[in-house]
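Structure assessment
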Amino acid sequence: MLSHKPFCRLGSRTILPTMAVLLIAVVPLLGQVGCRGAAANASSASIQIEVVSEKEVGPATIEVALRSAQGSPVDGARVSVRGDMNHAGMKPVISEARDLGGGLYRTEDFRFTMGGDWIITAEVTLPDGKKLEHTIDVSSVRSR
Ligand SMILES: [Cu+2]
């Protein structure tokens, strides 16, 4: 019993400093996780669309680049590319773009089905579920 009391006192004296050290170590870690989370869960993004293949009837490749408001690449989004022509009565061409990492998404089965003027829309669902879209005009797609 005589040795029990000093042991308890020693115990509480070492546990408190240990907890303080853990807190000091954990708080900056939480801060970093918070910042990274904010970038990944960007609820706004800039969307860039580019036709990287020939602009002619047939298979085409379209790339979509996503950046957060802070300028960092946004990965893990769902990007669907829709092609419409500027005249009525045509079925839109829809292609899911593959996530290549680094904020870049690329179509694999898009095709221009007719020569003429197209409107390309990227429909984006960000990792946090927010939806955005961006449209570009692609004029004078060549017939073959
Ligand atoms: Cu057409």
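Quick note: structure is the one above.
This is a predicted model, so every value here is computed, not measured. (Residues numbered from 1 in each chain as written. Predicted model: local features only at pLDDT ≥ 70, side-chain atom pairs only at ≥ 80, totals over all residues. Heavy atoms only, no water.)

**Let's talk about the overall build of the chain**
Across its full length, the chain holds one helix and ten strands. Listing the helices and strands of the chain from first to last along the sequence gives α-β-β-β-β-β-β-β-β-β-β. At a minimum sequence separation of 6, the contacts of the chain that also span at least 24 residues come to 58%. Working note: accessible area of the chain is about 9300 Å², and carbon and sulfur atoms make up 59% of it. (Helix = DSSP H or I, 4+ residues; strand = E, 2+ residues; numbered from the N terminus. Contact = heavy atoms within 4.5 Å. Areas by Shrake-Rupley, 256 points an atom, 1.4 Å probe, with all protein chains shown as cover.)

**With respect to the coordination of the copper ion**
Around the copper ion, the protein contributes the donor atoms Met 85 (SD), His 87 (NE2), Met 90 (SD) and Met 114 (SD), at 2.0 to 2.3 Å from the metal centre. What the four donor atoms of the copper ion show is an angle range of 96 to 120° at the metal, which sorts the shape as tetrahedral. Look at where the donors of the copper ion fall in the sequence and you get M-x1-H-x2-M-x23-M. Within this pair, whereas Met 90 is found in the loop between strand E4 (78-85) and strand E5 (93-96), its partner Met 114 is found in the loop between strand E8 (110-112) and strand E9 (116-125), the two being separated by 24 residues in sequence. (Donors = N, O, S within 2.8 Å, 3.2 Å for Na, K, Ca; no water. Tetrahedral: all angles 85-135°; square planar, octahedral: opposite > 155°, others 65-115°.)

**A look at the nonpolar core**
Judged by nonpolar contacts, the single largest core of 25 residues is most densely connected at Val 64, Leu 66, Val 79, Phe 112 and Ile 120. Sorting the residues of this core by element identifies strand E1 (45-51), strand E3 (62-68), E4, E8, E9 and strand E10 (131-141) as the ones contributing at least two each. At four residues, the largest contribution of residues to this core is made by E9. Look past the residues within four positions of Phe 112 in its chain and what remains in contact with it is Val 51, Glu 54, Lys 55, Glu 56, Val 57, Gly 58, Ala 60, Trp 118, Ile 120, Val 138 and Val 141. (Core = buried A, V, L, I, M, F, W, Y, C linked by side-chain atoms within 4.5 Å. Buried < 20%, exposed > 50% of the residue type's maximum accessible area, 1.4 Å probe, protein only.)

**Quick look at the pattern of salt bridges**
In this structure the tally under the stated criterion is eight salt bridges. The residue Glu 123 makes a salt bridge to Arg 82 at a minimum N-O spacing of 2.5 Å. With Glu 123 in strand E9 and Arg 82 in strand E4, this residue pair connects regions lying 41 residues apart in the sequence. For Glu 123, a relative accessible area of 27% translates into the label partly exposed. Overall, the relative accessible area of 22% leaves Arg 82 in the partly exposed class. Each of Glu 54, Glu 56, Arg 142 and Arg 144 takes part in one network of salt bridges that share partners. (Salt bridge = Lys/Arg side-chain N within 4 Å of Asp/Glu carboxyl O.)

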